[in-house]
Amino acid sequence: MKNTILSLFILFASLVFAQESQLQLLDLQLNNYEYPYEVSSITISIQNQELEMAYMDVKPKNYNGKNIMLLHGKNFNGAYWKTTIDALTAEGYRVVVPDQIGFGKSSKPDHFHYTFQQLALNTKAVLDAIGISNTAVLGHSMGGMLATRFALMFPEITEKLILENPIGLEDWKLKVPYKPVEWWYENELKKDYKAIKKYQLESYYDGNWDPAYDEWVNLLAGWTLNSDYKTIAWNAALTYDMIFTQPVVYEFSELKVPTLLIIGTRDRTALGKPLVSENIRKTMGLYDKLGKDTQQKIPNSTLVEIENTGHLPHIERFEKFIVPLKSFLKN
């Protein structure tokens, strides 16, 4: 038995080493990584600097007159929406997919005051630039917090709101001691391929890895090979602070638009778990409970729970994710 376990460990370590050795160094704005669709950008003047905000604007051949905007999560960028874009454009939707400032192909500023309000303004600037005045808004993870803020600020633009395993369904400040930006920064500097994959394996997929998930590890790990990785790490630390200190959970009752919650019930994502006791940790990120609680807070909302699914339903259980999404958009 011991020999079997040892053999499995050696095999896993060998696979990780092989994958890590094949990593591609990525530049700060992913110029050497190809997105699934053409990427454009706008220049926005904010906080005494000129920044580039990248986005995909995918127009279907059979446009039905409806639009949907997809907002990425904290550890991702617009590229991971490919299958969702394909499915929605096939239905006739025009799909807009921004990379937020600090993420993906957008600028990584040396200094920036991150707020969800500022990100919402930046996002609206993209819509204004391409002439879209009404859209459904879908946000995953951190993108769910941003989508909520966007809908609160711009209800006249937001036709429908979809929240896919959004974070921020609870206020972590009530349980987790505050840590300054420098603490988050030091944690980011320690990350490498092994640490990133370990986190995603445990937090997103409950120990069940599919080779298709490698791409989303490689995108983050490729940045760690860059001599300017400190810039990436600093922006990541600033956005962690934004997420921790700017909860939207208290404003769900103020939403005025039809809302769909798509929740993978196995998800246990929560900020600050390493900073609390085991007993407190067990009470955090309980999406099987948080989804139901949140649906009760949001007027005119519908909850779709996807069993045996973690933080990324549109990656892990695409068919179970896309069917209720398309139904909600049509009704």
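Residues numbered from 1 in each chain as written. Predicted model: local features only at pLDDT ≥ 70, side-chain atom pairs only at ≥ 80, totals over all residues. Heavy atoms only, no water.

## Some points on the overall build of the protein chain
Inclusion rule: Put simply, DSSP H or I for four residues or longer makes a helix, DSSP E for two residues or longer makes a strand, and each gets a number counted from the N terminus. Our radius of gyration looks at C-alpha atoms and nothing else; its globule reference is 2.2 Å times the residue count to the power 0.38. Accessibility here uses a 1.4 Å probe with only protein chains present; expressed as a share of the type maximum, an area under 20% marks a residue as buried, one over 50% as exposed, and anything in between as partly exposed. Here a residue-residue contact requires only that any non-hydrogen atoms of the pair lie within 4.5 Å. What sets the accessible areas is the Shrake-Rupley method with a 1.4 Å probe; for residues, cover comes only from the shown protein chains. Charged residues are defined narrowly, with Lys and Arg counted positive, Asp and Glu counted negative, and His plus the chain ends left uncounted. By convention, charge coordinates are those of NZ in Lys, CZ in Arg, CG in Asp, or CD in Glu.
Secondary structure assignment for the protein chain yields 12 helices and eight strands. Taking 331 residues into account, the globule formula puts the C-alpha radius of gyration at 20 Å, and the protein chain, at 19 Å, falls close to it. In terms of principal-axis extent, the alpha carbons of the protein chain reach across some 60 × 40 × 40 Å. Going through the 331 residues of the protein chain one by one, you find that 55% of them count as buried. Looking at the protein chain alone, contacts between residues at least 24 apart form 78% of all its contacts between residues at least 6 apart. Carbon and sulfur atoms provide 53% of the accessible area of the protein chain, an area that totals close to 14,700 Å². Counting 34 positive and 38 negative side-chain charges, the protein chain places the centres of these two groups 5 Å from one another.

## Things to note about the packing of helix H2 (residues 82-90) against helix H12 (residues 318-330)
Basically, it comes down to this: Here an axis means a line fitted to C-alpha atoms, over the contact stretch when the element is a helix, while the angle between two N-to-C directions is reported on a 0 to 180 degree scale. Convention used here: angles under 35 degrees read as roughly parallel, angles over 145 as roughly antiparallel, angles from 65 to 115 as roughly perpendicular, and any remaining angle as oblique. Helix crossings get a hand from a simple test, with the near helix turned counterclockwise from the far one by less than a right angle marking a left-handed crossing and a clockwise turn marking a right-handed one.
Contact geometry for H2 and H12: axes closest at 11 Å, N-to-C directions at 40°. Our classification of the angle between H2 and H12 gives oblique. Considering only the axes of H2 and H12, their crossing is right-handed. Where H2 approaches H12, its residues Thr-83, Thr-84, Ala-87 and Leu-88 are matched on the opposing element by Phe-318, Phe-321, Ile-322, Leu-325, Lys-326 and Leu-329.

## A look at the sheet that holds strand S7 (residues 259-264)
Basically, it comes down to this: Pairing between two strands is assigned when DSSP locates at least 2 bridges connecting them.
As summarised here, the arrangement of the eight strands in space is S1-S2-S4-S3-S5-S6-S7-S8, forming an open sheet in which the pairing is mixed. Edge positions in the sheet fall to strand S1 (39-46) and strand S8 (301-306), since each has one partner strand and no second. Direction aside, neighbouring strands of the sheet carry axes that sit 20° apart on average. As paired strands, strand S3 (residues 67-71) and strand S4 (residues 94-98) are joined by three bridges and run parallel to one another. What sits directly across from Ile-68, in S4, is Val-95.

## Some thoughts on the packing of aromatic side chains
Note the threshold: Whether two aromatic rings pair depends on their centres lying within 6.5 Å, for rings of Phe, Tyr and Trp, where Trp uses its six-membered ring; planes under 30 degrees apart make the pair stacked, over 60 edge-to-face, and the rest tilted. Remark: a charge is flagged as sitting over a ring if the NZ atom of Lys or the CZ atom of Arg is within 6 Å of the ring centre and within 35 degrees of the ring normal.
Evaluated as defined, the whole model comprises 17 aromatic pairs. For the ring pair Tyr-178 and Phe-244, a centre distance of 6.2 Å and an interplane angle of 50° mean the geometry is tilted. In this pair, Tyr-178 sits in the loop between strand S6 (158-164) and helix H5 (181-189) while Phe-244 sits in helix H8 (residues 229-245), placing the two residues 66 residues apart along the sequence. Residue classification places Tyr-178 among the partly exposed positions, given a relative accessible area of 47%. On the accessibility criterion, Phe-244 (4% relative accessible area) is buried. Within the aromatic cluster, the residues linked to one another by ring pairs are Phe-76, Tyr-80, Trp-81, Tyr-199, Tyr-204, Tyr-205, Trp-209, Tyr-213 and Trp-216. Above the face of the Tyr-240 ring, Lys-74 is positioned so that its terminal group lies 3.9 Å from the ring centre. Geometry around Tyr-35 places Lys-105 over its ring, the cationic atom sitting 4.9 Å from the centre.

## A word on the pairing of S6
Across the seven residues that make up S6, a large majority, six, are buried. For strand S5 (residues 135-140) and S6, the ladder comprises five bridges, and the chain directions are parallel. Across the sheet, the residue bridging to Leu-138 is Ile-162, located in S6. Alignment of S6 against S7, held across four bridges, turns out to be parallel. Looking at S7, one finds that Leu-161 is bridged to Thr-259.

## Description of the pairing of S3
How we decide: Here is how to tell: hold the view so the strands point away, follow the path from the first strand over the helix to the second, and if it runs clockwise the crossover is right-handed.
Most of S3 is tucked away, with five of its five residues classed as buried. Taken together, S3, H2 and S4 form a β-α-β motif whose crossover is right-handed. By the bridge criterion, four bridges tie S3 to S5 in an arrangement that is parallel. Residue pairing for S5: Ile-68 is matched across the bridge by Ala-136.

## Here's the deal with H12
What counts, and what does not: Any helix carries an expected span of 1.5 Å times its number of residues minus one.
The first and last C-alpha atoms of H12 sit 18 Å apart over 13 residues, in line with the 18 Å expected at 1.5 Å per residue. Inspection of H12 places Phe-318, Phe-321, Ile-322, Pro-324, Leu-325, Phe-328 and Leu-329 among the buried residues, and these make up the whole buried set.

## Let's talk about the nonpolar core
Heads up, the rule is: In this text, buried Ala, Val, Leu, Ile, Met, Phe, Trp, Tyr and Cys residues form a nonpolar core when linked through side-chain atoms within 4.5 Å.
Core analysis: the largest hydrophobic core is formed by 104 residues, its most contacted members being Ile-68 and Ile-162. The element contributing the most residues to this core is H8, with nine residues. Leaving out residues up to four positions away in the same chain, Ile-162 has contacts with Ile-68, Ala-136, Val-137, Leu-138, Gly-139, Leu-260, Ile-262, Leu-325, Phe-328 and Leu-329.

## Observations concerning the pattern of salt bridges
Here is the rule: Just to be clear on terms, a salt bridge is a Lys or Arg side-chain nitrogen sitting within 4 Å of an Asp or Glu carboxyl oxygen.
Overall, the coordinates contain 17 salt bridges when judged by the stated rule. Note that Lys-124 is salt-bridged to Asp-128, the shortest N-O span being 3.0 Å. One end of the pair, Lys-124, and the other, Asp-128, are both in helix H3 (residues 116-129), four residues apart, so they sit about a helical turn from each other.

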